[in-house]
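# Per-entry structural report
Residue-level listing of the chains:
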Amino acid sequence: MRLKTLVIAALVAGTFAAPNTATAAPNPCAPWTVKVLASGLGSLENVEPDGGKGLFISTTSGVARYTRSGGSKLFAAAASPGGLRVRGNFLYFNTGDSLQSGLLGTADGTIQKLDLRNGKRTTFASGLVMPNGLAFLPDGSAVTSRDLGIVNPTGITRVSPKGVVQPKWSNQSDSNGMAVDPTGKWLYSDETFTLGAKVYRTEIAHPSNRQVVTSLQGLGIFKGLDDLTIATSGKLYIAANLSGEVIRLDPLTKQSCVIASGLKNTSAVKQGRGTTFPSSRLYAVGFDGKLLELIPPAGVKP
């Protein structure tokens, strides 16, 4: 009986004395590491991984391509390039994304289509007013945003796969970043020149159904939201230009946090793609001419 009592006591003591091996879950809102890949590139508007060894960047001279070994080199000359999207073997990019065109309502903007295999370049659409952000809907249509829409307001403009331009597809007067959610049902977008710093979702099949996801005003000073991207996880990452931040937003829970701050005029952020610029990291640019790599805390995936 005494032996049995001692064994039980030892087991109980061992249970309570055992070290706690449980670890806390990774915190995606902990500060991410910001690494400067390049600087002095001029005023940068957008960034897009090519899926190989490079990143495309919208610069003051046109679209440049950055590689880790060769730095940044002009890839396609263009006037005031804006949003960038790689689709298959083609690079699409906006032109005419200028302050003057936006203020005057001048329809001198285009979407260019460049074949990455042979360098052939064609105009996918023309007659656009200050096309800023660029995204593609599930049916192959393009949508462009415009954040300055006082004169000749165009809202979010849809361009059919055949290049037919439809202004005010969504009558969002101030729009900038855009991204389609993984289900293909919703187009997320944000606004720049409002104190509310709102993020919206528009039902693609019924664009008159536009809903406020959340307002990011409560995170601090006037944000000046710019481009945004949606990661493979479904989380949104938003460049806040005036506050110099990158913001993470869960559109389902509406919880948001700043993952990078102290930046300058951050204009765009994208998730990596490929092995050279992996999907485990984000890449951001700003009007200060810097190309940044954002590395998450251990265990965190975008």
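What you see is a predicted model, and the numbers here were worked out from it, not measured in a lab.

Thresholds, definitions, all that
Residues numbered from 1 in each chain as written. Predicted model: local features only at pLDDT ≥ 70, side-chain atom pairs only at ≥ 80, totals over all residues. Heavy atoms only, no water. Salt bridge = Lys/Arg side-chain N within 4 Å of Asp/Glu carboxyl O. Buried < 20%, exposed > 50% of the residue type's maximum accessible area, 1.4 Å probe, protein only. Helix = DSSP H or I, 4+ residues; strand = E, 2+ residues; numbered from the N terminus. Pairing = 2+ DSSP bridges. Axes fitted to C-alpha atoms, helices over the stretch in contact; angles between N-to-C directions. Phe/Tyr/Trp six-rings, centres within 6.5 Å; stacked < 30°, edge-to-face > 60°.

## Digging into the pattern of salt bridges
Evaluation of the coordinates by the stated rule reveals seven salt bridges. A salt bridge links Arg117 to Asp115; its shortest N-O distance comes to 3.0 Å. The exposure class assigned to Arg117 is exposed, which follows from its relative accessible area of 57%. The partner of Asp139 in a salt bridge is Arg158, and the shortest N-O contact between them spans 3.4 Å. Here Arg158 lies in strand β12 (residues 156–159) and Asp139 lies in the loop between β10 (134–136) and β11 (142–144), a separation of 19 residues in the sequence. Overall, Asp139 belongs to the partly exposed group, its relative accessible area being 47%.

## Digging into the sheet that holds strand β2 (residues 46–49)
Overall, antiparallel pairing links the four strands, which are arranged β2-β3-β4-β5 in an open sheet. Two strands in the sheet have a free side with no partner beyond their single neighbour: β2 and β5 (71–77). Within the sheet, the average angular offset between the axes of one strand and its neighbour, ignoring direction, is 25°. With five bridges joining them, strand β3 (residues 54–58) and strand β4 (residues 62–67) adopt antiparallel strand pairing. In the strand pairing of β4, Gly54 is matched with Thr67.

## Topic: the packing of aromatic side chains
What the rule picks out here adds up to seven aromatic pairs. With centroids separated by 6.4 Å and ring planes inclined at 55°, the aromatic side chains of Phe124 and Phe136 adopt a geometry described as tilted. On the criterion of sequence distance, the pair formed by Phe124 in strand β9 (residues 121–128) and Phe136 in strand β10 is long-range, its members being 12 residues apart. Its relative accessible area of 11% is what places Phe136 among the buried residues. Grouped by ring-pair contacts, the aromatic residues Tyr66, Phe277 and Tyr283 constitute a single cluster.

## Points about unusual backbone geometry
Positive phi values are uncommon outside glycine, yet Met130 reaches one of about 45°. Relative to the elements of secondary structure, Met130 occurs in the loop between β9 and β10. For Met130, a relative accessible area of 6% translates into the label buried. Of note, Asn152 is a non-glycine position whose phi angle comes to about 50°, a positive value. Assignment of secondary structure puts Asn152 in the loop between β11 and β12.

## A look at the sheet that holds strand β17 (residues 210–215)
Spatially, four strands are ordered β14-β15-β16-β17 in an open sheet, and the strand pairing comes out antiparallel. At either margin of the open sheet sits one strand with a lone partner, and together these are β14 (178–180) and β17. Each strand of the sheet is rotated relative to its neighbour by a mean of 25°, with strand direction disregarded. Where strand β16 (residues 198–203) meets β17, five bridges bridge the pair, whose relative direction is antiparallel. Among the inter-strand pairings, Val199 is bridged to a residue of β17, identified as Thr214.

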